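Close look at the chain arrangement
What follows is each chain in one-letter form.
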Amino acid sequence: MSRKKRSKKLFHSPISLNLEKENGNMHIDCIVYSEEGYMRLNETRWEQVKDFIALHQGKTTWLNLYPLENKKALEKIEEHFGINPFMMADAVDFSLRSKYWFTEKHLFCSFKMKKPDFDGAEHISFILTEDVIISLQEIQEDVFDHIRNRIENNYGLIRRKKVDYLFFLLCDALIDQYTLISDDSEEQLLILEEAINENNKNIGLNELHNAKKELLQTHKDVRAAGDVLEGVILSDFYILEDLVKKLLTSISHNAKYSIDSFSRQLEHTKNLSDLHFAQQNKRLNDMIKVLTIMSAFFIPLTFIAGLYGMNFKHMPELEMQYAYPAILGFMLIVAAIILIIFKRKKWM
């Protein structure tokens, strides 16, 4: 019995599972520094960056890669630094939840970063090894410019510390971004609450649903980021010094603050939903109240008009000379009595 030949390969490299482009766009921002100096190279060709790194061996090296669309270059970087292939695969898997893991020589961790001008959350990964940290980003824009300025201008301790201190600064920048997003979303919720209190008819359930959806996603991301930081702190990865672990503990506390903030905001959105429905019910009740008052006035008047609109031949009032104005006056008296009762009961 003949068998059909397989048209697909039995094995694909982990990167191939997540990337389709062989030679897509990828920018490489390489910074090397030490106490003595600072050098930077912006390049798209890995071979030039590789030679640049070779000229500055022994110094701290920061490779920032974006966007991650060049599979061949990533595989060469992976081979050059001896990175576990599954680490690089996790770095380019944008659907992956925040996580961390490490081997004997490399530490990997990834985060989800929410940005105002980016649809969804950006996947940011770090691969840490001896004297080298590689940051891999979905898009070009980031929140690390102030760190580059510190390196360039030799501010603080950064040039006197090793690569683990740079790793702390990068994580700190990400957690600070969550704090800014938390403050901004809290202001937006207050504006939304004010609009609902003012019975703004343009505010509907869609706005509340979108706000809650964004908060749920961001809350999940910052909680996962906090778990990653705690895992890194408790790990025994050889590069991380005690000082850096203490600093990471401080930003882990900041992450917990953001988690609490987003939890309060989620509760706030629930209260806003209740307030929105209460406003809707109030408007409905006011409408029903108006209709009820109108009915209370016109039901007795309609009864009188219907009574004398019956077609019976022997109705004494029909022959009276002043019957018509008398009935109209009686109707006015009934309406006045109903009005007085409503006023005294404070129903109007």
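All figures in this text were calculated on a predicted structure; none of them were measured in a lab.

How each quantity is defined
- Residues numbered from 1 in each chain as written.
- Predicted model: local features only at pLDDT ≥ 70, side-chain atom pairs only at ≥ 80, totals over all residues.
- Heavy atoms only, no water.
- Helix = DSSP H or I, 4+ residues; strand = E, 2+ residues; numbered from the N terminus.
- Buried < 20%, exposed > 50% of the residue type's maximum accessible area, 1.4 Å probe, protein only.
- Areas by Shrake-Rupley, 256 points an atom, 1.4 Å probe, with all protein chains shown as cover.
- Patch = residues over 30% accessible without salt bridge, like charges linked within 9 Å, V, L, I, M, F, W, Y side chains within 5 Å.
- Salt bridge = Lys/Arg side-chain N within 4 Å of Asp/Glu carboxyl O.
- Core = buried A, V, L, I, M, F, W, Y, C linked by side-chain atoms within 4.5 Å.
- Contact = heavy atoms within 4.5 Å.
- Pairing = 2+ DSSP bridges.
- Lys, Arg positive; Asp, Glu negative; His and termini not counted.
- Charge placed at Lys NZ, Arg CZ, Asp CG, Glu CD.
- Axes fitted to C-alpha atoms, helices over the stretch in contact; angles between N-to-C directions.
- Phe/Tyr/Trp six-rings, centres within 6.5 Å; stacked < 30°, edge-to-face > 60°.

So, the overall build of the protein
Scanning the protein for helices and strands turns up eight helices and seven strands. Relative to its full complement of 348 residues, the protein shows a buried share of 43%. Carbon and sulfur atoms provide 55% of the accessible area of the protein, an area that totals close to 21000 Å².

A word on a nonpolar patch on the surface
A cluster of nonpolar side chains, L284, M287, I288, V290, L291, M294 and F298, forms an exposed patch at the surface whose accessible area comes to about 690 Å². Structurally, M287 is set in helix α7 (residues 242-307).

Quick word on the nonpolar core
The tendency in soluble globular proteins is for nonpolar side chains to be buried as a group. Ranked by internal contacts, the top residues of the largest apolar core, which has 51 residues, are F126, I147, F167 and L248. Going through the elements one at a time, β1 (27-33), β5 (107-114), β6 (121-129), α4 (145-153), α5 (163-197), α6 (205-234) and α7 are the ones with two or more residues in this core. Among the elements that make up this core, the one with the highest residue count is α5 (16 residues). Apart from residues lying up to four places away in sequence, F126 is in contact with L107, F108, C109, F111, I133, I134, S135, F144, F167, L170, C171 and L174.

As for the pattern of salt bridges
Two side chains of opposite charge can pair, provided their charged atoms sit close to one another. Per the stated rule, a full pass over the model turns up nine salt bridges. A salt bridge links D29 to R40; the shortest N-O distance between them is 2.7 Å. Of the two residues, D29 is situated in strand β1 and R40 in strand β2 (residues 38-43); the sequence distance between them amounts to eleven residues. Judged by relative accessible area, D29 falls into the buried class, the value being 3%. Across the salt bridge formed by D29 and R148, the nearest N and O atoms sit 3.4 Å from each other.

Observations regarding the pairing of β1
Judged by how many residues are buried, β1 sits mostly within the fold: six of seven residues are covered. Taken together, the seven bridges between β1 and strand β3 (residues 60-66) define a ladder with antiparallel strand orientation. Counted as the bridge partner of Y33 is T60 from β3. Bridge count for β1 against β2 is six bridges, and the pairing is antiparallel.

Thoughts on a negative patch on the surface
A contiguous patch of negative charge on the surface is contributed by D183, D184, E186 and E187. Within the element layout of this structure, E187 appears in helix α5.

A word on the sheet that holds strand β4 (residues 100-102)
Taken in spatial order, the seven strands line up as β2-β1-β3-β7-β6-β5-β4 in an open sheet, and their pairing is mixed. If you trace the sheet from one side to the other, it starts and ends with β2 and β4, each paired once. If you compare each strand with its neighbour and ignore which way they point, the axes differ by 15° on average. Running at roughly 160° to strand β7 (residues 132-137), helix α2 (residues 71-81) makes contact with β3 and β7 of the sheet. Its contacts with the sheet place α5 against β1, β3, β5, β6 and β7, and it is angled at close to 20° to β5.

Some thoughts on the packing of aromatic side chains
Taken as a whole and judged by the stated rule, the model has nine aromatic pairs. Here the aromatic rings of W101 and F108 are separated by 6.4 Å at their centres, their planes lie at 55°, and the arrangement is tilted. Classification of F108 as buried rests on a relative accessible area of 0%. Ring pairs connect the aromatic residues W62, F111, F126, F144 and F167, which therefore count as one cluster.

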